[in-house]
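One letter stands for each residue in the lines below.
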Amino acid sequence: MSTVTPNRRGITRAALLVVALVLAGVTVPATPASAATVREKIVSLVTAQLGGTACDPSYLNSCGMEWCAEFARWAWMNAGVTNLAKLNGKADSFRSSGLPDRFHSRTSGYQPQPGDAVVFDWDFDADQDPRPTEHVAIVTSVSGGKVHTIGGNQDGTNWQNSRVSRASYSLTDGNVYGYTEPQITGEAPADGREPDIDGNGLADMLAVTNDNDLQWYGNNGNGGFYSPRALGKAGFKQMALGDIDGDDRADMLAVTDGNDLQWYANNHAGGFYAARPLGKAGFAHMALGDMDNNGLADLIAVTDGGDLRWYPNNGDENHEGFFSHRSLGSAGFKQMAVGDIDRNGFADLLAVTNDDDLQWYPNNGQGGFFSPRPLGKAGFKHLALGDIDHNGFADLLAVTNDDDLRWYPNNGQGGFFSHRALGKAGFEHLDL
């Protein structure tokens, strides 16, 4: 088996994968595949693609770009891997921003496994290179002191004439930077961490008071929040928090009193940059959450006419906006929130119906939701989902009709424990 030198990765950011939508009516998700089965499927998938090119048959957004990362993402996605968060069209996303808790350097002693992603640095300067990972491929086997791989964008002089091919490397080859393990459906996410305002992994509360004051309540790490920090005035009809630009910090999305949809990017200093306009929006409810497990917050909204819509994050170079909406049916909700209740990497929908029924709609992994699961009655003015206690499960934060602020910890079984009182709250809007 000959060793080849793959093309160096380009730096063009791939657009967000447009996921086919299926609004499922079933009530119980399929049993997750085992890790061994998924790893075998990854190897089978890439082997079947030997000889494939960027545009024939194409892999996600591979046609028109340096495409090794798109091929690796395609293989993981189609095999049932769940830790696609933060992965994009750059090979370096497999090492750094994407999956830091599952990455193992070549010198760590880790034994690579079939289905792992292997990442490369052709410059031999991993300690100084700000973007040291320049190629990624899939491990198919390890034997005789070598790691055997199949990768895209190899055996050519450019993205157009390169192809999917095999390559083998010594386990001590200095070009090998390291290996990233895939995460299998049903496993908990590697770090149990979600984007928040200050970057410490604990969900903070952002609220607009009855006097239109925008306030940030930092998470105190003990199941509550610090005193508020004033962030100015806010005349909003709707407000939501989520990581729109993939920097692991929660951004603010708002609909103004004039129906302008505006994105306020997190400034990494406990506040937000000036608003960037995203058009007009007539929404009764909206929330931000990662519907397709790609690490970018999507917009879920109920229109003034009662239509439930998913607007996928467009993931463009400037991280500014969303694709056109995909209809998910009608929704008669009083309140709505989005968050990962079952810790599988996909944002679920929690809603209070017009009859005050609290319902959980699990994400079906295909751009929609399973049928609702009842969680009892709920007399709430406001609700939000976020990981308050840093265990990887989205908790429920709610304001009752009597203005009581309550935290309902996630019980890890598709529901919530009894509430813990956090005081009074006179809010127009809140989110985590």
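Scoring rules and cut-offs
Numbering of residues begins from 1 in every chain and follows the order in which that chain's sequence is written. For this predicted model, a pLDDT threshold of at least 70 governs which residues receive local features, and a threshold of 80 or more governs which side-chain atom pairs are given and counted, while totals over whole chains, interfaces and linings are taken from all residues. Side-chain calculation: all heavy atoms of the structure are included, whereas hydrogens and water are not. In DSSP terms, a helix is any run of H or I states spanning at least four residues, a strand is any run of E spanning at least two, and both are numbered starting from the N terminus. Summary of the burial criterion: residues with accessible area below 20% of their type's maximum are buried, those above 50% are exposed, and those between are partly exposed, where the area comes from a 1.4 Å probe applied to protein chains only. Contacts are assigned to residue pairs with any non-hydrogen atoms lying within 4.5 Å of each other. When DSSP finds two or more bridges between two strands, those strands count as paired. Inter-axis angles, ranging from 0 to 180 degrees, are taken between N-to-C directions of lines fitted to C-alpha atoms, where helices are fitted over the stretch in contact. A helix is expected to span 1.5 Å for every residue after the first. The definition of a polar contact used here is a pair of N or O atoms within 3.5 Å, where within protein one atom must be able to donate a hydrogen and the other to accept one, and adjacent residues in sequence count solely through side-chain atom pairs. The rule is short: rings of Phe, Tyr and Trp, with Trp giving its six-membered ring, pair when the centres are within 6.5 Å, and they are stacked under 30 degrees, edge-to-face over 60, tilted in between. To sit over a ring, a charge needs its Lys NZ or Arg CZ within 6 Å of the ring centre and within 35 degrees of the ring normal.

Undergrad: How should I be thinking about the environment of Ala-284 in this particular structure?
TA: Position of Ala-284 among the secondary structure elements: in strand β14 (residues 283-289). Given a relative accessible area of 27%, Ala-284 falls into the partly exposed group. Between the alpha carbons of Ala-284 and Lys-237 there is a distance of 8.5 Å; along the sequence they are 47 residues apart. Setting aside residues up to four positions removed in sequence, Ala-284 forms contacts with Gln-238, Val-302, Thr-303 and Asp-304.

Undergrad: Just to check I follow, could you spell out the environment of Gly-246 for this structure?
TA: As for its position among the elements, Gly-246 is in the loop between β10 (236-242) and β11 (251-256). A relative accessible area of 25% places Gly-246 in the partly exposed class. Counting along the chain gives 49 residues from Gly-246 to Gly-295, while the straight-line C-alpha distance between them is 6.3 Å.

Undergrad: Sorry, what's going on with the sheet that holds strand β5 (residues 163-170) here?
TA: Two orientations exist for strands paired in a sheet by backbone hydrogen bonds: parallel and antiparallel. The antiparallel open sheet is built from six strands, whose spatial order is β1-β6-β2-β3-β4-β5. Looking at which strands have only one partner, the edges of the open sheet turn out to be β1 (103-105) and β5. The mean inter-strand angle of the sheet, taken between neighbouring strand axes irrespective of direction, is 35°. Taken together, the seven bridges between strand β4 (residues 146-154) and β5 define a ladder with antiparallel strand orientation. Across the sheet, the residue bridging to Ile-150 is Arg-166, located in β5. This element, helix α2 (residues 68-79), spans β2 (117-120), β3 (135-143), β4, β5 and β6 (176-180) of the sheet and lies at about 55° to β3.

Undergrad: I tried to follow the pairing of strand β7 (residues 205-209) on my own but got confused; where do I start?
TA: For a regular strand, side-chain orientation follows a simple rule: the groups alternate between the two sheet faces. Among the five residues in β7, five count as buried, and that is most of the element. Burial along β7 is two-sided: the residues Met-205, Ala-207 and Thr-209 and Leu-206 and Val-208 are all buried. In this antiparallel pair of consecutive strands, β7 and strand β8 (residues 213-217), the connection spans three residues, and Asn-212 shows a positive phi of 65°. Where β7 lies against strand β26 (residues 427-431), four bridges are found, and the strand directions are antiparallel. Each residue of the ladder has a partner; that of Leu-206, found in β26, is Asp-431.

Undergrad: It is not clear to me how α2 should be interpreted in this structure. Could you clarify?
TA: For an α-helix, 3.6 residues make a turn, and residues three or four places apart therefore share a direction. In this model α2 runs 17 Å from its N-terminal to its C-terminal C-alpha over 12 residues, within 8% of the 16 Å that 1.5 Å per residue would give. The buried fraction of α2 amounts to 10 of the 12 residues, a majority that puts the element mostly inside the structure. Within α2, burial applies to Cys-68, Ala-69, Glu-70, Phe-71, Ala-72, Arg-73, Trp-74, Ala-75, Trp-76 and Ala-79. Gly-80 lies just past α2 and shows a positive phi near 100°.

Undergrad: Please explain the side chain of Ser-93 as it appears in this structure.
TA: Mapping Ser-93 onto the fold places it in the loop between α2 and β1. Given the relative accessible area of 2%, Ser-93 is considered buried. For Ser-93, the side chain forms a polar contact with the main-chain nitrogen of Asn-88, separated by 3.2 Å.

Undergrad: Help me understand the packing of aromatic side chains in this model?
TA: Any aromatic ring pair is given by two values, namely how distant the centres are and how the planes are angled relative to each other. Using the criterion set out here, one finds 15 aromatic pairs in the structure. Put simply, the rings of Tyr-59, Trp-67, Phe-71 and Trp-74 touch in pairs and so form one group of aromatic residues. Cation over ring: Arg-326 sits above Trp-310, and NZ or CZ is 5.8 Å from the ring centre. In this structure, Arg-373 is placed above the aromatic ring of Trp-360, and the distance from its NZ or CZ to the ring centre is 5.1 Å.

This is a description of form; function is not addressed.
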